[in-house]
Structure formats: structure tokens, C-alpha cells
Amino acid sequence: MLKTQMQSALPLASEVVADTSPAVADAAWQQKAAQAAEAFEAVFVREMFKDMDKGTQAIAGEQGLFNKGSGSELSGIAQMAVADQIARSRAFGVADAILRQLTPASAGPALKN
């Protein structure tokens, strides 16, 4: 799943990196950069949730309250939705850090969806 998530973010990132024109501060370019940065932050948060879930499962054991039951598929979908929302709000700052590296200082902050 991580491979497909990264593959979905790669086209956005390759478009951002491939643009070496002097008009880097262009609004369309900044929008692509923001989308790529948010996609990367979403993948980061999803992986963090997966690791948290594994830790919870290890602690809970088979008879524990938090053991993987019949709703594990829905839980994974819910975690993905929450991770996407966290990435859109840029709560962890990963996307902002990436944008600071990609955009020039004179361009100002990238557009937020």
C-alpha cells in the first residue's frame, strides 16, 4: 500500500522538480508544489498511524480491548481519511518544511487549500 501511495505522490513531485524555469514563483507551480508536499505529508501521517496501530496491537494481545477485529478494514480507511485531513491542514508541518525548500523566499507562503 505504501508503494501505491508513494507512486501517487511521485507524479506531483516530478512535475515540481522538473520545472526549472525562471518563473518558479508562478501560482500554478506553487499549487503543484503544495499538492506534492501535502501528498507527502499524508503518506508520512498514514505510516505513523500504521506504526501506532501495530504498537497498540502488540500491547493489547488477542483478548485485549484494542485487538484487530472484524472492523480492521474500516479502521484502515478511517485512518487514511484522517491522515489526508491532517495533511490538508498541515498540522505536522512536514508540507510547510518541504515548501520552504522548494519555493524561493520572495514567493511567500504557498497557497493553502
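Note that the coordinates shown come from a computational prediction; the quantities given were computed from them, not determined experimentally.

Draft legend 1. Examining helix α4 (residues 94-102) more closely. Taken as a whole, α4 has its buried residues at Val94, Ala95 and Leu99. Taken end-on, α4 shows its buried residues confined to a sector of 130°, consistent with a single buried face. Looking at α4, the residues exposed on the side facing more than 90 degrees away from the buried face are Arg100 and Gln101. Next to the buried residues of α4 lie α2 (27-60).

Draft legend 2. Geometry of the side chain of Glu41. Within the secondary structure, Glu41 sits in helix α2. The charged side chain of Glu41 is buried without a salt bridge, its nearest counter-charge being Arg90 at 5.9 Å. In contact with Glu41, not counting residues within four places along its chain, are Ile86, Ala87, Arg90, Ala91, Phe92, Gly93, Val94 and Ala95.

Draft legend 3. Expanded view of the nonpolar core. Ranked by size, the top nonpolar core spans six residues in total: Trp29, Ala33, Ala34, Ala37, Ala95 and Leu99. The element that contributes the greatest number of residues to this core is α2, accounting for four residues. In this view, Ala37 contacts Ala95, Ile98 and Leu99; residues no more than four positions away in its chain are not counted.

Reading guide: rules and limits
Residues numbered from 1 in each chain as written. Predicted model: local features only at pLDDT ≥ 70, side-chain atom pairs only at ≥ 80, totals over all residues. Heavy atoms only, no water. Buried < 20%, exposed > 50% of the residue type's maximum accessible area, 1.4 Å probe, protein only. Helix = DSSP H or I, 4+ residues; strand = E, 2+ residues; numbered from the N terminus. Arc of directions from axis to C-beta. Contact = heavy atoms within 4.5 Å. Lys, Arg positive; Asp, Glu negative; His and termini not counted. Salt bridge = Lys/Arg side-chain N within 4 Å of Asp/Glu carboxyl O. Core = buried A, V, L, I, M, F, W, Y, C linked by side-chain atoms within 4.5 Å.

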